[in-house]
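Okay, here's what each chain looks like letter by letter:
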Amino acid sequence: MGWEFEQAGKFGSERAAEAYARANTLDPQDVHVTRKGDEVELNIRRSALDRRNMRDNGEGRRDAWS
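What you see is a predicted model, and the numbers here were worked out from it, not measured in a lab. (Residues numbered from 1 in each chain as written. Predicted model: local features only at pLDDT ≥ 70, side-chain atom pairs only at ≥ 80, totals over all residues. Heavy atoms only, no water.)

**Q** Explain the overall build of the protein chain residue by residue, including any values.
**A** Scanning the protein chain from terminus to terminus reveals two helices and three strands. Counting from the amino terminus, helix and strand elements in the protein chain follow one another as β-α-β-β-α. Taken over 66 residues, the protein chain has a buried fraction of 30%. Nonlocal contacts in the protein chain, meaning residues at least 24 apart in sequence, comprise 66% of its contacts between residues at least 6 apart. Element-wise, carbon and sulfur atoms account for 44% of the exposed surface of the protein chain, whose accessible area totals about 4600 Å². (Helix = DSSP H or I, 4+ residues; strand = E, 2+ residues; numbered from the N terminus. Buried < 20%, exposed > 50% of the residue type's maximum accessible area, 1.4 Å probe, protein only. Contact = heavy atoms within 4.5 Å. Areas by Shrake-Rupley, 256 points an atom, 1.4 Å probe, with all protein chains shown as cover.)

If you want it as structure tokens, here you go:
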């Protein structure tokens, strides 16, 4: 069975994406950080998002929270 991930945003660096995940107390196994050109995409396991209010101050983010 594969895990379903949801895009959480694009960041300027791996460090910024990982800091966002840590700030929201996400387990490292629940996130995928992927470099795409000059941006970094953060994907979060859908089950980790259930009943969670994500804190977003926009630091390091290159796109708006959707």
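**Q** Explain the pairing of strand E3 (residues 39–45) residue by residue, including any values.
**A** Remark: a regular strand shows side chains that alternate across the two faces of the sheet. Burial analysis of E3 places six of its seven residues in the buried class, the great majority of the element. Taken together, the six bridges between strand E1 (residues 5–11) and E3 define a ladder with antiparallel strand orientation. Note on E3: the bridge partner recorded for Lys10 is Glu41. In this structure, strand E2 (residues 31–36) lies alongside E3, joined through six bridges in antiparallel fashion. (Pairing = 2+ DSSP bridges.)

**Q** Break down helix H1 (residues 14–23) for me, citing the residues and quoting the values.
**A** Looking at H1, one finds that the buried residues are Ala16, Ala17, Tyr20 and Ala21. Seen from one end, H1 has its buried residues packed into an arc of 140 degrees, which puts them on one side. For H1, exposure combined with an orientation more than 90 degrees from the buried face picks out Arg15 and Arg22. Those residues of H1 that are buried are in contact with E1, E2 and E3. A positive phi of about 45 degrees marks Thr25, the residue just after H1. (Arc of directions from axis to C-beta.)

**Q** Residue-level account of the sheet that holds E2, with values.
**A** As summarised here, the arrangement of the three strands in space is E1-E3-E2, forming an open sheet in which the pairing is antiparallel. The sheet terminates laterally at E1 and E2, the two strands that pair on one side only. Sheet twist, expressed as the average angle between the axes of neighbouring strands with direction ignored, equals 25 degrees. (Axes fitted to C-alpha atoms, helices over the stretch in contact; angles between N-to-C directions.)

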